[in-house]
Amino acid sequence: MIYKRKIISDPVFGFINVPEGLLSAIVQHPLLQRLTRIKQMGITSYVYPGAQHTRFQHSLGAFHLMSEAILQLQLKGVKITEEEAEAVQAAILLHDIGHGPFSHVFENTIIQDLSHEDISLMLMEHMNKEFNGKLDVAIRIFRNQYPKKFLHQLVSGQLDMDRLDYLRRDSFFTGVTEGNIGSARIIKMLDVKEDHLVVESKGIYSIENFLTSRRLMYWQVYLHKTSVACERMLISTLLRAHELACKDIDLFCSPALHFFLYNKIDRNSFHNNPDTIQHFVQLDDNDIWTAMKVWSSHPDTVLSTLSTRLITRNLFKVETSSEPFTEEYKYRIISQISEYLHLSILEANYFISTPSIAKNMYDPAEDSIDILYKDGCVQNIAEASDMFNSSVLSNKVKKYYICYLRIPDRIQNIP
């Protein structure tokens, strides 16, 4: 089959050009098309109704930015062959194919000891057999096993095309303008020094804006207290469904979801049982929503209550604090939920969650952002910036959340 060049209209970047051949084949492949049925921001649309964009759109956007970055680096004399360019574009197109329904929610509940990056790599290797080894270089870049390390940084690093797209795209669709980074400016300022991605010194203010915007997007959007509550409700729902399935209680679900609920799925399952991958690629957000609509009338009070409240957007109440919530306060809430729903204390625990989340603006241990000056010297952003210093950039802000079932006139806030 001949895969012709495609031009795709994107609301964020305009027209995206996909060359004929391998890259066009990847875009049309069922594993990438599956991402059209998985929302980029999970259940965040409960907070920002415009956040309806998909992981497929994000993958195309990241691909577009990668194409621009390659062009800019080549114009500056960085040697990138046509094979390497195609490979790094393929790697960014495929970087998210391992995401399950609602992204991180699924991998932290039903799938154990396995990240979406691990699954992405497995699926890339599966596709590579289908493409007769044409993804060999892309996989080596993805795994950071290719000699030119800066290519991996473009796929997974502090200034990778993944981040540059999702910050701009998520800002666009949520309407949170504070997250609108200057991705075009940053890409034009990229260069390579001693096989490491660097930013020209005149782009330092764009980097400062990028770090500030990233911080704002995390606390205002990704870690918004209602978003956290929605995610914890969904996690509790899936964990309860999995517990009932382990007891052989009949649950309505698609064949693919049935496989994951009624089996223990971990890293070994993906490696040793071919059925696991086959069922995984059939899963998307629709499997979960359809199941929850039916579960809302299930005789199990925990499952039906959680499902109904998610379907009708009757969400958990959320409180935040800079200090952990006391065990006494948590137990008082659990006791009241137990009494209200006529459940055991153990079952009532499904209706309360106390996550803590820590986030810093910049972690140099992950992958440094280095500024290149005209005299050839290189400085870390923490040293080069006159707005930030290392303590400001690396300072972790930690918040404690308590999310629980709303009970009218019963549970009061902390005095």
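Our structure is the block above this text.
Each value, and the rule that gives it
- Residues numbered from 1 in each chain as written.
- Predicted model: local features only at pLDDT ≥ 70, side-chain atom pairs only at ≥ 80, totals over all residues.
- Heavy atoms only, no water.
- Salt bridge = Lys/Arg side-chain N within 4 Å of Asp/Glu carboxyl O.
- Helix = DSSP H or I, 4+ residues; strand = E, 2+ residues; numbered from the N terminus.
- Buried < 20%, exposed > 50% of the residue type's maximum accessible area, 1.4 Å probe, protein only.
- 1 Å grid on protein atoms, 1.4 Å probe; cavity = no way out; pocket = protein on both sides within 12 Å on 5 of 7 lines; lining within 4 Å.
- Points joined across faces, edges and corners; volume = space filled by probe spheres on them.
- Nonpolar A, V, L, I, M, F, W, Y, C, P; charged D, E, K, R; others polar.
- Axes fitted to C-alpha atoms, helices over the stretch in contact; angles between N-to-C directions.
- Parallel < 35°, antiparallel > 145°, perpendicular 65-115°, else oblique.
- Contact = heavy atoms within 4.5 Å.
- Pairing = 2+ DSSP bridges.
- Phe/Tyr/Trp six-rings, centres within 6.5 Å; stacked < 30°, edge-to-face > 60°.
- Core = buried A, V, L, I, M, F, W, Y, C linked by side-chain atoms within 4.5 Å.
- Left-handed = near helix turned anticlockwise from the far one by under 90°.

(A) Layout of the pattern of salt bridges. Taken as a whole, this structure holds 15 salt bridges when the rule is applied. Of the charged contacts, one joins E200 and K76 as a salt bridge, the two residues approaching to 2.9 Å between their closest N and O atoms. With a gap of 124 residues between them, E200 in strand β4 (residues 196-200) and K76 in the loop between α3 (55-75) and α4 (82-94) connect regions that are remote in the sequence. With a relative accessible area of 28%, K76 lands in the partly exposed category. When salt bridges with common partners are traced through the structure, they connect R240, E243, K247, D300 and E347 into a single cluster.

(B) Layout of empty space enclosed by the protein. Per the counting criterion, the structure on display carries one cavity of 30 Å³ or more. Considered as a void within the structure, the largest cavity measures approximately 70 Å³ in volume. When residues of the lining of the largest cavity are assigned to their parent elements, the largest contribution, three residues, is made by β4. Among the residues forming the lining of the largest cavity, the class breakdown is six nonpolar, three polar and two charged.

(C) Representation of the packing of helix α12 (residues 225-246) against helix α16 (residues 285-295) in the model. As a packed pair, α12 and α16 sit with axes 12 Å apart at the nearest point and diverge in direction by 75 degrees. The angle between α12 and α16 falls in the class roughly perpendicular. Along its contact with α12, which presents L234, T237, L238 and A241, the element α16 presents I288, M292 and W295. Considered class by class, the residues forming the contact of α12 with α16 number six nonpolar, one polar and no charged.

(D) Structural context of the pairing of strand β1 (residues 6-10). Where β1 and strand β2 (residues 14-18) come together, five bridges link them in antiparallel fashion. Bridge assignment links I8 to a residue of β2, and that residue is I16. In textbook terms, the turn of a hairpin is the stretch between consecutive antiparallel strands, and for β1 and β2 this stretch comprises three residues.

(E) Representation of the packing of aromatic side chains. Going through the model one piece at a time under the given rule, you end up with eleven aromatic pairs. When the ring of F260 is compared with that of F280, the centres are 6.2 Å apart and the planes differ by 65 degrees; the resulting orientation is edge-to-face. Linking F260 in helix α13 (residues 255-261) with F280 in helix α15 (residues 274-280), this pair joins segments that are 20 residues apart in sequence. By the burial criterion, F260 is buried, and F280 matches it. With a centroid separation of 5.8 Å and 70 degrees between ring planes, the pair formed by F270 and F280 is classed as edge-to-face. Residue F270 is located in helix α14 (residues 267-272), and its partner F280 is located in helix α15; the two are separated by ten residues in the primary sequence. Relative accessible area serves as the criterion here: at 5%, F270 is assigned to the buried category. With relative accessibility at 0%, the residue F280 sits in the buried group. Here the aromatic residues F106, F259, F260, F270 and F280 are joined through ring pairs into a cluster of three or more.

(F) Broad picture of the nonpolar core. In terms of nonpolar packing, the biggest core is built from 146 residues, with I26, L135, M161, F260, F270 and F351 touching the most fellow members. Here this core gets ten residues from one element, more than from any other, and that element is α12. Those residues in contact with F270, other than ones at most four positions away along the chain, are I111, L114, I119, M122, F260, I265, T276, I277 and F280.

(G) Structural view of the side chain of S269. In this fold, S269 is placed in helix α14. What S269 contacts, discounting residues up to four positions off in sequence, is K264 and T276.

(H) Structural context of the packing of α16 against helix α17 (residues 301-311). One can describe the packing of α16 onto α17 by two numbers: an axis separation of 8 Å at closest approach and a directional angle of 120 degrees. The orientation of α16 relative to α17 falls into the category oblique. Classified by chirality, the crossing of α17 by α16 is left-handed. Here α16 contributes W289, M292, K293 and W295 to the contact with α17, which in turn contributes L303, S304, S307, L310 and I311. For the contact of α16 with α17, the residue count by class is six nonpolar, two polar and one charged.

(I) Representation of unusual backbone geometry in the model. Although it is not a glycine, D195 sits at a positive phi angle of roughly 65 degrees. Relative to the helices and strands, D195 is located in the loop between β3 (190-193) and β4. Given the relative accessible area of 29%, D195 is considered partly exposed. The phi angle at H342 is positive, at roughly 60 degrees, despite the residue not being glycine. Tracing the chain through its elements places H342 in the loop between α18 (327-341) and α19 (345-348). Exposure remark for H342: the relative accessible area of 71% places this residue in the exposed category.

(J) A look at the layout of surface pockets. Taken as a whole, the largest pocket holds about 1400 Å³ of empty space. Among the secondary structure elements, those contributing two or more residues to the lining of the largest pocket are α3, α5 (104-107), α6 (116-130), α8 (149-155), α9 (161-174), α11 (204-222), α12 and β7 (356-359). Among the elements that make up the lining of the largest pocket, the one with the highest residue count is α12 (six residues). Considered as a void within the structure, the second largest pocket measures approximately 310 Å³ in volume. Lining of the second largest pocket is provided by 16 residues; of these, P19, S67, I70, A85 and Q89 occupy positions nearest its centre. When residues of the lining of the second largest pocket are traced back to their parent elements, those giving at least two are β2, α3 and α4.

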